[in-house]
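A look at the structure
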Amino acid sequence: MTIRQLPDHLVDQIAAGEVVERPASVVKELVENAVDAGSTRIEIATAGGGRSLVRVTDDGCGIAADDLPLAVRRHCTSKLGHGLDRIETLGFRGEALPSIGSVARLTVRSRAVGSAAAAEVALANGACEGPRPAALSRGTVVEMRDLFHAVPARLKFLKSERAESAAITEIVRRIAVAFPQIRFELSGADRSTLVFEMTDAPLERLAAVIGAEFAENALEVEASREGVRLFGYAGLPAYSRGTSASQYLYVNGRPVRDKMLLSALRGAYADAMAKDRHPVVALFLEIDPELVDVNVHPAKADVRFRDPGLVRGLIVGALRQRFAQDGLRSSTANAGGLMARFAGGAPRAEGRADAPVTAAPRRPDMARFEGFAPGSFSPGTPYSADASPFRPLDGVRAPPAREAFGFDEAPTPYQPEPDSPEPAERHPLGAARAQIHGNFIVAETQDGIVIVDQHAAHERLVYEALKGALYGGGALASQFLLIPEIVAVSEEDADRLAEAAETLARLGLSIERFGPGAVAVRETPSILGAVDCGRLVRDIADELAEAGTPDALRARIDHVAATVACHGSVRSGRILKADEMNALLRSMEAVPGSGTCNHGRPTFIALKLADIERMFGRR
Ligand code: ADP
Ligand code: MG
């Protein structure tokens, strides 16, 4: 046995395996470089899900012609001025460009600030060409083509073009959150263009990335302890999501998905949120670079804190205290916000629920505090674990929690009694009186009104039924198609669908292989009604591709159910008859968890008659 030094191109390919896992990792590395270069505008273009092309253009400091060959050589970096103990840039390993160049075709064109001309180098299969003169007015353009063309084994691990595109979008969103002063543009033939305009207001960027709703339903957080600073925005407990995908966490500007941080977050929200719900947050930790090690993994998404207990304590303590101060605020998505909007022309002067109506104008953002007594909390109120801060004030509309409607842990299913029909008003969700704008059911309850989002409610019911079928062992009723529908899919997708056929059959979807690159749909779930088979099958195929292995599939089965549910629930705009509306209300009462849709939004809101009267100044 002889021991040999591996040739450079093999060393690079091995290193590349850890840095460049998929197109999104290329985007991450290139965008990080552009950020490190002090850019104010970064444009990302992709094609073929980032497999055939990733191009990142920036207006940063650029690279001098003489340095270009070094930039694409392994272990060459202009960063790390202060050693591994003080990493202040996103990159520092000097690995990204050579790694990408070893598994794809790479060109780097750049013009350094102050230099008279631009130059470029090209790297293919590890061999560098150039530098040669090029045309570019400023900044840097890094272009990667044909990822893994020389490593077909890795190509197999890539997911569908759509899934890879989505992963790229996600990476750009994550980085964009941390750098609101930089304009990001993501475009390409494989996607619709996404632009995040530059802004000085971090919250504005968050609204652009996460959604305007987040900005309305988040509390600003700012705390520090022993040199560690935590700041950002934490979503109200009532504003939650079904997955942890909307948790944006940063350490010194670097997006991380760190187990300890995620668990601290769970701890902070533990007594305010159901176990299967996830908060939406954008939180930034600023910490002396010497107290955190980011050199844990080549992809740099993991970090190690020198004092994890300190960081955890800071997060849990700060968030809980913040909720204690302000936790009485309901999500605007719930009735509180609705009341505030109703108040529009004649807003209430005070947040007190029993305050008389006056016409005093208020700042629009104050409307968010509608319904809560401003005097009841003051900044710095210490958090107390035994007095739950999430209790609505008396007389204030609670979020549509089940207990608000007399539902307890196990709601009794509705049983129609044909002989002595109870007046519908007696039911928690009341009797349907009207359908408005094709999507909202207005129902009258004993002491108020309920407005139901029929699309959201139906989607949730379908989802619950699908999950019941998946886990309960039975199968959902299906509808036989007179003529089977043939859906063209990729060969891999056809394989995955065939593998999952048994599970899908339990959902009422019967699929068979149909020659190469196609499947035949023979039955669809009755619960969905008429459904676009092609879209449904392709979406499920994407879900399966995302899951990867059959084991992971089990974990994602809920997502498949949610995908199916989403298809069946294109019900807004459908005109419902009174008994259909009442049937929907009764089903909602019978199904636990129907108070929020699959996306965590409420499916209905309730207004007490007393509150309506108050709005009109009758009380
Ligand atoms: P690292 O970022 O870890 O230093 P990279 O391989 O990503 O390693 O990049 C190598 C070097 O190339 C960087 O240190 C930097 O000097 C230079 N570089 C790469 N991309 C850019 C860019 N967009 N603008 C300016 N310089 C860049
Ligand atoms: Mg880098």
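So, here's what we can say about the structure. (Residues numbered from 1 in each chain as written. Chains lettered and ligands numbered in written order. Predicted model: local features only at pLDDT ≥ 70, side-chain atom pairs only at ≥ 80, totals over all residues. Heavy atoms only, no water.)

1. Quick look at the overall build of the protein chain
- What the protein chain contains, in helices and strands, is 18 helices and 24 strands.
- Scored against the burial criterion, the 619 residues of the protein chain give a buried share of 48%.
- Long-range contacts, defined here as pairs at least 24 residues apart, represent 68% of the contacts in the protein chain between residues at least 6 apart.
- Carbon and sulfur atoms form 54% of the exposed surface of the protein chain, whose accessible area is close to 29300 Å². (Helix = DSSP H or I, 4+ residues; strand = E, 2+ residues; numbered from the N terminus. Buried < 20%, exposed > 50% of the residue type's maximum accessible area, 1.4 Å probe, protein only. Contact = heavy atoms within 4.5 Å. Areas by Shrake-Rupley, 256 points an atom, 1.4 Å probe, with all protein chains shown as cover.)

2. Thoughts on the packing of helix α6 (residues 161-178) against helix α7 (residues 202-210)
- Axis separation between α6 and α7 bottoms out at 9 Å; the angle between their running directions is 170 degrees. Viewed along their axes, α6 and α7 adopt a mutual orientation that is roughly antiparallel. Judged by the twist between their axes, the crossing of α6 over α7 is left-handed. Of the residues in α7, those touching α6 at R173, A176 and V177 are R205, L206 and V209.
- For the contact of α6 with α7, a count of residues per class yields four nonpolar, no polar and two charged. (Axes fitted to C-alpha atoms, helices over the stretch in contact; angles between N-to-C directions. Parallel < 35°, antiparallel > 145°, perpendicular 65-115°, else oblique. Left-handed = near helix turned anticlockwise from the far one by under 90°. Nonpolar A, V, L, I, M, F, W, Y, C, P; charged D, E, K, R; others polar.)

3. Points about the packing of aromatic side chains
- As enumerated under the stated definition, the model contains two aromatic pairs in all.
- With a centroid separation of 5.4 Å and 20 degrees between ring planes, the pair formed by F231 and F284 is classed as stacked. Placement of F231 in strand β10 (residues 228-235) and of F284 in strand β15 (residues 281-286) is noted, with a sequence separation of 53 residues between them.
- Relative accessible area serves as the criterion here: at 12%, F284 is assigned to the buried category.
- Measuring from centroid to centroid gives 4.8 Å for Y250 and F284, while their planes differ by 20 degrees, and the two rings are stacked. A residue pair is termed long-range when its members are at least 10 positions apart, and Y250 in strand β12 (residues 247-251) and F284 in strand β15 qualify at 34 residues.
- Judged by its relative accessible area of 1%, Y250 is buried.
- The rings of F231, Y250 and F284 are connected pair by pair, giving a single aromatic cluster.
- Positioned above the aromatic ring of Y248, the side-chain terminus of R174 is 4.4 Å from the ring centre.
- Across from the ring centre of F231, 3.9 Å away, lies the NZ or CZ of R229, which sits over that ring. (Phe/Tyr/Trp six-rings, centres within 6.5 Å; stacked < 30°, edge-to-face > 60°. Lys NZ or Arg CZ within 6 Å of the ring centre and 35° of its normal.)

4. Details of the sheet that holds strand β24 (residues 604-608)
- Read across the open sheet, the four strands follow the order β18-β19-β20-β24; overall the sheet is antiparallel. The outermost strands of the open sheet, each flanked by one partner alone, are β18 (431-436) and β24. Each strand axis lies, on average, 20 degrees off the axis of its neighbour in the sheet, ignoring direction.
- Looking at chain direction, strand β20 (residues 448-453) and β24 are connected through five bridges and run antiparallel. (Pairing = 2+ DSSP bridges.)

5. Side note on unusual backbone geometry
- Of note, the amide linkage connecting G130 to P131 takes the cis form, showing an omega dihedral of 5 degrees.
- Secondary-structure assignment places P131 in strand β5 (residues 127-134).
- Located in the positive-phi region is N252, a residue other than glycine, with phi close to 50 degrees.
- By the secondary structure assignment, N252 is in the loop between β12 and β13 (254-256).
- Phi angles above zero are rare outside glycine, and H437 is one such case at about 50 degrees.

6. Some remarks on the site of ligand 1
- Every one of the 20 residues lining ligand 1 counts as a neighbour, but N33, T77, S78, K79 and G94 are closest to it.
- Between N33 and ligand 1, the recorded distance is 2.8 Å, taken from a side-chain N or O atom to an oxygen atom.
- In the model, a nitrogen atom of ligand 1 is placed 2.8 Å from a nitrogen or oxygen of the D58 side chain.
- If one sorts the elements of the shell around ligand 1 by residue count, helix α4 (residues 96-103) sits on top with three residues.
- The residue makeup of the shell around ligand 1, split by class, is nine nonpolar, seven polar and four charged. (Near = heavy atom within 4 Å. Polar contact = N/O pair within 3.5 Å; in protein donor to acceptor, adjacent residues only side chain to side chain.)

7. Brief notes about the nonpolar core
- Judged by nonpolar contacts, the single largest core of 89 residues is most densely connected at F184, L285 and L319.
- With eight residues, helix α10 (residues 308-326) is the largest single contributor of residues to this core.
- In contact with L319, other than residues within four places in its own chain, are V221, A234, L265, A268, Y269 and L283.
- Residues V489, A494, I511 and I540 belong to the second largest nonpolar core, which totals 22 residues. (Core = buried A, V, L, I, M, F, W, Y, C linked by side-chain atoms within 4.5 Å.)

8. Some words on the pattern of salt bridges
- Evaluated as defined, the whole model comprises 24 salt bridges.
- In this structure, the salt-bridge partner of K608 is D447, at a minimum N-O distance of 4.0 Å. With K608 in strand β24 and D447 in the loop between β19 (440-445) and β20, this pair connects stretches of sequence that are 161 residues apart.
- Residue classification places K608 among the partly exposed positions, given a relative accessible area of 38%.
- Between D495 and R513 there is a salt bridge; the shortest N-O distance is 2.3 Å. (Salt bridge = Lys/Arg side-chain N within 4 Å of Asp/Glu carboxyl O.)

9. What to know about a nonpolar patch on the surface
- On the surface, L6, L10 and I14 cluster together into a nonpolar patch covering about 250 Å² of accessible area.
- Mapping L6 onto the fold places it in the segment before α1 (8-19). (Patch = residues over 30% accessible without salt bridge, like charges linked within 9 Å, V, L, I, M, F, W, Y side chains within 5 Å.)

10. A word on helix α13 (residues 491-499)
- Looking at α13, one finds that the buried residues are D493, A494 and L497. The buried residues of α13 occupy one face: seen down the axis, they fall within an arc of 100 degrees. (Arc of directions from axis to C-beta.)

11. Observations regarding the pairing of β10
- Counting buried residues along β10, six of its eight residues qualify, which places the element largely inside the surrounding structure.
- Of the strand pairs in this sheet, strand β9 (residues 218-225) and β10 are connected by eight bridges, and their pairing is antiparallel. Of the residues in β10, the one forming a bridge with E220 is Y233.
- The antiparallel hairpin formed by β9 and β10 contains two residues in its connecting segment, where E226 sits at a positive phi of about 45 degrees.
- For β10 and β15, the ladder comprises six bridges, and the chain directions are antiparallel. For A234, the partnering residue across the bridge sits in β15 and is V281.

Note that all results are geometric; they support no functional claim without further evidence.
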